[in-house]
Amino acid sequence: MNSLTYSILQLLIIILVAPLVNGVIKKVKAFTQKRKGAPLLQMYFDLFKLMRKNTVVSETSSWIFKATPYVVFTTALGAGLMVPATTLAAPAGFAGDIIMLVYLLALGRFFMMLAGLDTGSTFGGMGSSREAMISSLMEPSIMITLFTTGLIAGTTSVGGIMAAVKGMPAPLTQPVFIMVFLAMLIIIIAETSRIPVDDPSTHLELTMVHEAMILEYSGRHLAMMELGASIKQLVFITLLVNICLPLDQLVTLAGIGAVAVSLLLYVAKVIMAAVIIAIIEVNTVKFRFFSVPNLAALSFILAFIGFLEYFVLWR
Amino acid sequence: MVIPAVGTLLRVSIILFVSAAAAALFFSHWQKLCNTASNIICMAASVSGISAAVLHLLDGGERVVIASVDTTVPIISFDLIFDRLSAFFILGLCILVFCVSIYSIGYVSHFYGKRSVGLFQFLYSTFILSMFFVLTSSNAVFFYIAWEVMALLSYFLVVFESEHAEKQKAGMIYIIMTHIGTAFLMIAFMMMYAYTKSFDLFGDSSAIPQQARNVMFILFLIGFGVKAGVIPLHIWLPYAHPAAPGNVSALMSGIMIKTAVYGILRFVLVYLGVENTWWGMTLLILGMVSAVLGVAYAFVEVNIKKLLAYSSIENIGIIFIGLGIAFIAFAKGNQTLGALALCASLFHTLNHTLFKGGLFLGAGSIQHSTHTLDMEQLGGLIKKMPVTAVFMLGGSLAISSVVPFNGFASEWLTLQSVFGTIGKGQAVLNIAAIVAVAALAIAGALAAASFVKLFGISFLGLGRSEHAIHAKEVSPVMYTGMGLLIVPCLVLGIFPSLFLKLTDGLVTELAGKSAAGGLEGPFMLVNYPAAATGNSVSPLQILAALAVLLLLTLIVLRLVGGRYLERKYGTWDCGFEALNSRMQYTATGFSKPIQIVFRMLFRPSRELKLGGNYQYHPESMEYTTSTEPIFEKYVYAPVVKMITDLSRRMKFAVQTGSVHRYLIYIFVAVLALMLYNRIA
């Protein structure tokens, strides 16, 4: 399978699976609350509807406000292309690595924070300010986690890391990967605005971060922001499951069949991760905003201990 | 076409800078002519300098002697020698001077009728010339003189608008700090002469014993560290840069603090040669501290220029991290990795010259147009100053090192060199390196947050004061000058191979190995060097992919959503219907969460004063917040107090005013000298 075909396939998978993750999380939450909950595919319906609606744009805002959804969405998609869902097909046809992944997502976040300030609304500024704090505190932990896995694999390329862990016997039995797994779980929760860091299901100004930044968006702009956020979530989940839980070595088929099986395995892993996130979300309450640094510190320390274990203590 | 020799171009450049200074004085009665003439001559001079530097970087091998003046003292000769290292920094200097001079034609106009334009332009041109001499002098004494002249001229420029006590204080702190640094350099140069009997920078340093080398490294580090603004020697920087006029702060932050990087490379790497791992480790640790603390202070700052000044400290920190990694690699004999780290460090040096120069010019434009630099007074400038806004955004993106700007390219190289440093079984270095990764990460994220704050609060939303509401776009020369610095940021970010090819000769000369040796693919669409760590990315490909994705998004939106229909409406105000500029988030509010999280560092204090007669019904309120400058309070203040106390005691103990006592001093001194002579 050539890399262009696979890139298109990867793009489709990312776009199609991303809203599903949100659906699964919501469904699990509903079940635990003894509700039926919205349909699994509700987010697709929402996005479809939003795309067809007119958009309302604030009079105060400038071109930044209108450009932001496109920047956020395309950078999220670009990041999606960088994290291969399967290691069996040729990786996406352009060169990107973990460092570029982080700084590409930073571009989207930069614009999102600006858009929050662009409308002159207090909510937007509040969201941007909080996002600035959370992202600054999480960044060291993200970099150390990804760097540690990169160092173990001997490369910073995302595909290279995933291919390297595939050859290891059960990564999750090694202390360093346990630490990485836990650190990344916290990163996912913080980066994708989930409980206990942020609450995606409320519009209460005391708690909201991501929702506050995109409060003024409507119509297709909102659709892009929502889908962009869920793609970003999927990117982090993909990193988690394909680094800590590689299953591609189990596939014994060849050719197209192997890719298909591998992708099915991938979707299964993603759903599993979504269930874990949902369980965490059900069982915790939202933290006080100034308790979030503790979570960031915990994630940082886990990643740091993982690094120390592998590179300093052991050899 | 005959390409003139590098030496000729440089001589032309120097002569033109001198004539710019002369023109400034000669025409000082005709302000407009004086301004235009001297700036245009400076531009011509820098064009000549740029061509010489590029020519020399690309294919120059031999050192070029620009001028050679012998003095009556045999060991001191005023030689100007141009090698690749000088060429690299001269390139940065001349690019910056070219753009700043275009900008100055518009900017200096606000001095008309108020201040002496002739004097300003004279100081400006000679300041540039002094930096030119610093970067090309080949004799330590000459270097020292040029260095001192540079410090003095920049001091005069800092206090040029000195009617405010604050600016005088800024100048005072600057001149004292810079002289402390110079004192250390002087001791280092004396040691240099004591061991080698020569002041020649290109001389042989093998006669210097190991212990003396270590001492000299420390002396150079402190001497140049003050100029670079490395924490804890940084305290002058956030005072001096904001006090100076806009174009001067661009020069100071863009290139003057880089002369310190030049100094470290010239004296430590080239002259002494790196042999000890702890040298690199010291630089690495200083770099990490500067990067993190610098940007943390930047984030809570509400004055645009102070924010930029603190951000310069952060960027110097990043450059030092690269240098530290390079020095460690050289000491361990890993030339390939050293080349990569050195390349990263040089790249960041040039990048910072470009974007910080541009951003300081932007700050100057804001001040020119609104008469304030306080973010709490600004807002909504994107509609009043659209062009400046675009360039300011570009500069902010570049300095936040996001893809696809040049900041990312150098940050990527730095991180790659750290990546290459970590190996199994070296505990201390591994821990230092991974902490450096964390430091770079938090510095990057906080830098992005700081520049979201700078741009978001000043340019977006509603104007917070009359000044901001009535702001006007600055003149085309001003935004052109600024834009010429910002556009290359994007170009270098997309085509980083341009830089790698340009400096390949220099890196090979310094490191003994090429960092761009592994460049693959056709020109302009290449990956980073695969030599050291074997990793590669291509910003151009990513950008192309993003463009394709954007196109696809637009097509899908059109197909599914139909035509784009938009309605303009007021921002959601909770039905209150009176949303005004005072309800927006403020600059202070924006950084409050970080200030609270890092209260150990900032030690914020607030004071609420209630006015009126009734406690529960105050008629007026005054709320002030402040942060504590810990370095000034806990490091510098005790030293200053000790010195003043000591001086006061000396005044009564030694300098009593009694003639008899002074006669005894003279007698004892003469006796001591005679004894010394006898023994020696």
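Structure: see above.
This write-up is about the structure you can find in this document. (Residues numbered from 1 in each chain as written. Chains lettered and ligands numbered in written order. Predicted model: local features only at pLDDT ≥ 70, side-chain atom pairs only at ≥ 80, totals over all residues.)

**A few points about the overall build of chain A**
As a reminder, the rule being used: A run of H or I in DSSP counts as a helix once it spans at least four residues, and a run of E counts as a strand once it spans at least two, with each numbered from the N terminus. Restricting the calculation to C-alpha atoms gives the radius of gyration, and the globule rule supplies 2.2 Å times the number of residues raised to the power 0.38. Counting other C-beta atoms within 10 Å of a residue's own tells you its class, since 20 or more makes it buried, 12 or fewer makes it exposed, and anything in between is partly exposed; those C-beta atoms are placed from the backbone. Here, residue contact means that the backbone-derived C-beta atoms of the two residues sit within 7 Å.
Across its full length, chain A carries 11 helices and 1 strand. Mapped in sequence order, the helices and strands of chain A form the string α-α-β-α-α-α-α-α-α-α-α-α. Taking 315 residues into account, the globule formula puts the C-alpha radius of gyration at 20 Å, and chain A, at 19 Å, falls close to it. If you line up chain A on its principal axes, its C-alpha atoms span 55 × 45 × 40 Å. Across the 315 residues in chain A, those meeting the buried criterion constitute 61%. Taking as baseline every contact in chain A between residues at least 6 positions apart, the subset at least 24 positions apart corresponds to 81%.

**Observations concerning the interface of chain B and chain A**
Put simply, the test is: Polar here means any residue outside two lists: the nonpolar Ala, Val, Leu, Ile, Met, Phe, Trp, Tyr, Cys and Pro, and the charged Asp, Glu, Lys and Arg; Gly therefore counts as polar. The criterion for strand pairing is that DSSP finds at least two bridges linking the strands in question.
Tallying the contact residues gives 69 residues for chain B and 66 residues for chain A. Elements that contribute at least two residues to the side of chain B that touches chain A include exactly α14 (381-384), α16 (406-421), α17 (427-459), α21 (539-561), β3 (566-569) and α22 (587-597) of chain B. Examining the composition of the side of chain B that touches chain A, we find that 17 residues originate from one element, α17 of chain B, more than from any other. A breakdown of the residues in the side of chain B that touches chain A according to their chemical character gives 44 nonpolar, 20 polar and 5 charged. Relative to β3 of chain B, strand β1 (residues 55-58) of chain A runs parallel, the two sharing 4 bridges. Residue pairing in the sheet places Ser58 of chain A in a bridge with Tyr569 of chain B of β3 of chain B.

**Quick look at the environment of Thr32 of chain A**
Following the sequence through the fold, Thr32 of chain A ends up in helix α1 (residues 3-32). Taking C-alpha positions, Thr32 of chain A is 9.9 Å from Asn283 of chain A, a pair spaced 251 residues apart along the chain.

**Examining the environment of Gly562 of chain B**
Here Gly562 of chain B lies in the loop between α21 and β3. Residue Gly562 of chain B is classed as exposed on the basis of its 11 C-beta neighbours within 10 Å.

**So, the packing of helix α3 (residues 84-107) of chain B against helix α20 (residues 496-511) of chain B**
All names here are of chain B. Test applied: Axis lines are fitted through C-alpha atoms, for helices just across the contact stretch, and the angle between N-to-C directions can take any value from 0 to 180 degrees. Note that the term roughly parallel is reserved for angles under 35 degrees, roughly antiparallel for angles over 145, roughly perpendicular for angles of 65 to 115, and oblique for everything else. Each crossing gets its hand from how the near helix is turned against the far one by less than a right angle, where anticlockwise is left-handed and clockwise is right-handed.
Viewed as axis vectors pointing N to C, α3 and α20 meet at an angle of 140°, and their least axial separation amounts to 9 Å. Taken together, α3 and α20 sit at an angle that is classed as oblique. The element α3 and its partner α20 pack so that their crossing is left-handed. Side by side, α3 and α20 meet where Arg84, Leu85 and Phe88 of the first sit next to Thr503, Gly505, Leu506 and Glu509 of the second.

**Structural notes on the nonpolar core**
The line we're drawing: Think of a nonpolar core as buried Ala, Val, Leu, Ile, Met, Phe, Trp, Tyr and Cys residues, each tied to the set through C-beta atoms within 7 Å. Domain start and stop positions are those given by an automatic or database domain assignment.
Core analysis: the biggest nonpolar cluster contains 350 residues, and Cys343 and Val437 of chain B have the highest contact counts within it. Among the elements that line this core, the one with the most residues is α17 of chain B, at 23 residues. For this core, the domains that each give at least three residues are domain 1 (1-138) and domain 2 (581-626) of chain B. If we ignore the near neighbours within four places in the chain, the residues touching Val437 of chain B are Met143, Ile144 and Phe147 of chain A together with Leu415 and Val418 of chain B.

**Quick notes on helix α12 (residues 304-331) of chain B**
All names here are of chain B. This is how the line gets drawn: Here the expected length of a helix is defined as 1.5 Å per residue gap, with one fewer gap than residues.
Counted at 1.5 Å a residue, the expected span for α12 with its 28 residues is 40 Å, and the 40 Å between its end C-alpha atoms agrees. Along α12, 27 of the 28 residues are buried, which leaves the element largely enclosed by surrounding structure. Immediately downstream of α12, the backbone of Gly333 shows phi near 85°, a positive value.

**Remarks on helix α15 (residues 386-399) of chain B**
Residues and elements named next belong to chain B. The end-to-end C-alpha distance of α15 is 20 Å, a good match for the 20 Å that 14 residues give at a rise of 1.5 Å each. Of all 14 residues making up α15, 11 are buried, and the element is well covered by its neighbours. Once α15 ends, the next one or two residues include Ser401, with phi positive near 50°.

**Digging into the pairing of strand β2 (residues 77-82) of chain B**
All names here are of chain B. Of the pairings in the sheet, the one linking strand β1 (residues 64-70) to β2 comprises 6 bridges and is antiparallel in character. Each bridged residue has a counterpart across the sheet, and for Val65 the counterpart in β2 is Ile81. Taking the residues that link successive antiparallel strands as the turn, the β1-β2 hairpin has 6 residues.

Any functional reading would require information beyond the geometric quantities listed.
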